[in-house]
Amino acid sequence: MSTDGPHGRSPRWREWLSEFAATAILLLVMVTMFRGLFGAGSPLARAVPSEEGRLAVDAVVSGTTVGLLIVSPFGRRSGGHMNPAVSLAFWLMGALSGRDAVAYAAAQLAGSVSGVAAGRLLWGEQTADPAVGFAAIRASEGIPWTVVFISETAATALMLAAVTFVAARPRLAFLLPAAVGSVIAALILLVGRWTGGSFNPARQFGPELFSHDLTWLWIYLIAPLVGAGLFGLVRRRLPQAPPLPAQYEQALVPRTAVTRRAGQ
């Protein structure tokens, strides 16, 4: 559990701002992608007319963007969570302080709103078109809310299981950005057709606010937190679970914490 300053109480503004910036960039990319996939007259929409093809593009772009942001200067400084569920799990596993977990979540949600706002400024009225919907994720028509809730919960837990499996093994840690991106892409392909595939409260928060359709927002906010909370609590109690090491900068633990631990 990490803290900074002589008394361990100094706010780590740079890490928090890095989470804000990374999440804002992520949502700007999502709005841009949705504008390309569903916007009227978009060449990409004509080139990829099928639902399966658009889902594949969503999966690849989402996973690649997250992976690149983890290794970006923002991700290297903060650990590249961009997801309140990830921050919650790492707090429960003792890899992040409670204050940082709260600050990260607030920064991520604010970044989500800012990223969508930037997309709105960049692409104009097309982002408000119902087909684009500010990049808000929607479950397929007729899918019960219970299925969406369980799917988002389970997918978040699976994502964290894969992330911590790689992160807890120093020999594999350099693969973490690629692993995170690949797992996100695979999960979107697996459940996205029916539930939309979010696994991230920040991914849905800004788009839903701008679209003014909050019917499903509570599911996309709460279900990933439930999955992360259950996973974090279970892993913390597993006696054989390897600890999350601090020998790398890109393994979802803030860089300042890595530097300090390495010197201990």
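You'll find the structure just up there.
Structure report, in brief. Every residue gets a number counted from 1 within its own chain, in the order that chain's sequence is written. Given that the model is predicted, a residue must reach a pLDDT of at least 70 before its local features are reported, and side-chain atom pairs must reach 80 or more before they are shown or counted; all residues, however, enter totals for whole chains, interfaces and linings. Computation of side-chain values: all heavy atoms of the structure, hydrogens and water removed.

## Thoughts on the nonpolar core
Side chains of a nonpolar character, in soluble globular proteins, are inclined to be buried together. Ranked by size, the top nonpolar core spans 45 residues in total, and within it Leu26, Val66, Met82 and Val180 carry the most contacts. Helix and strand labels come from DSSP, where a helix needs a run of H or I of at least four residues and a strand needs a run of E of at least two; each type is numbered from the N terminus. Mapped by element, the contributors of at least two residues to this core are helix H1 (13–38), helix H3 (51–71), helix H5 (84–92), helix H6 (98–123), helix H7 (145–167), helix H8 (176–195) and helix H10 (217–236). Here the element with the most residues in this core is H1; it accounts for nine residues. The contact definition used throughout considers only heavy atoms, calling two residues in contact when any of these lie within 4.5 Å. In this view, Leu26 contacts Thr65, Val66, Leu69, Met82 and Asn200; residues no more than four positions away in its chain are not counted. For our purposes a nonpolar core is just a set of buried Ala, Val, Leu, Ile, Met, Phe, Trp, Tyr and Cys residues, chained together by side-chain atoms within 4.5 Å. A simple rule labels every residue: compare its accessible area, found with a 1.4 Å probe on the protein chains alone, to the largest value its type can have, and call it buried under 20%, exposed over 50%, or partly exposed in between.

## Let's talk about the packing of H5 against H6
Packing of H5 against H6 brings their axes to within 9 Å, and their N-to-C directions diverge by 175 degrees. Put simply, H5 runs roughly antiparallel to H6. Counting all contacts with H5, which are made through Pro84, Ser87 and Trp91, the residues of H6 involved are Gly98, Ala101, Tyr104, Ala105, Gln108 and Leu109. Split by residue class, the contact of H5 with H6 holds six nonpolar, three polar and no charged. Only the stretch in contact is used when fitting a helix axis, every axis being a line fitted to C-alpha atoms; angles between N-to-C directions are given from 0 to 180 degrees. The labels follow the angle: roughly parallel below 35 degrees, roughly antiparallel above 145, roughly perpendicular from 65 to 115, and oblique for the rest. Amino acids outside the nonpolar list (Ala, Val, Leu, Ile, Met, Phe, Trp, Tyr, Cys, Pro) and the charged list (Asp, Glu, Lys, Arg) are all regarded as polar, and Gly is one of them.

## Section: H10
Here the expected length of a helix is defined as 1.5 Å per residue gap, with one fewer gap than residues. Given a rise of 1.5 Å per residue, 20 residues ought to cover 28 Å, and the 29 Å separating the end C-alpha atoms of H10 matches this to within 8%. Check the buried side of H10 and you find it contacts H5, H7, H8 and helix H9 (201–211).

## A short note on the packing of H7 against H8
Packed helices, taken two at a time, are described by their axes: the angle between them and the distance between them. H8 packs onto H7 with a crossing angle of 165 degrees between their chain directions and a minimal axis gap of 10 Å. Between H7 and H8, the interaxial angle falls into the category roughly antiparallel. Crossing of H7 over H8 shows right-handed handedness. On H8, the residues that touch Val147, Val148, Ser151, Glu152, Ala155, Leu158, Met159, Ala162, Val163, Val166 and Ala167 of H7 are Leu176, Ala179, Val180, Val183, Ile184, Leu187 and Thr195. The residue makeup of the contact of H7 with H8, split by class, is 15 nonpolar, two polar and one charged. Note on convention: near helix rotated counterclockwise from far helix by under a right angle means a left-handed crossing. Clockwise means right-handed.

## Here's the deal with the pattern of salt bridges
Here, a salt bridge means any Lys or Arg side-chain nitrogen found within 4 Å of an Asp or Glu carboxyl oxygen. Under the definition given, this model contains six salt bridges. Among the salt bridges present, the one from Asp100 reaches Arg12, with a minimum N-O distance of 2.3 Å. On the criterion of sequence distance, the pair formed by Asp100 in helix H6 and Arg12 in the segment before H1 is long-range, its members being 88 residues apart. Judged on exposure class, the residue Asp100 and its partner Arg12 are both buried. Via salt bridges that share partners, Arg12, Glu15 and Asp100 belong to a single interconnected network.

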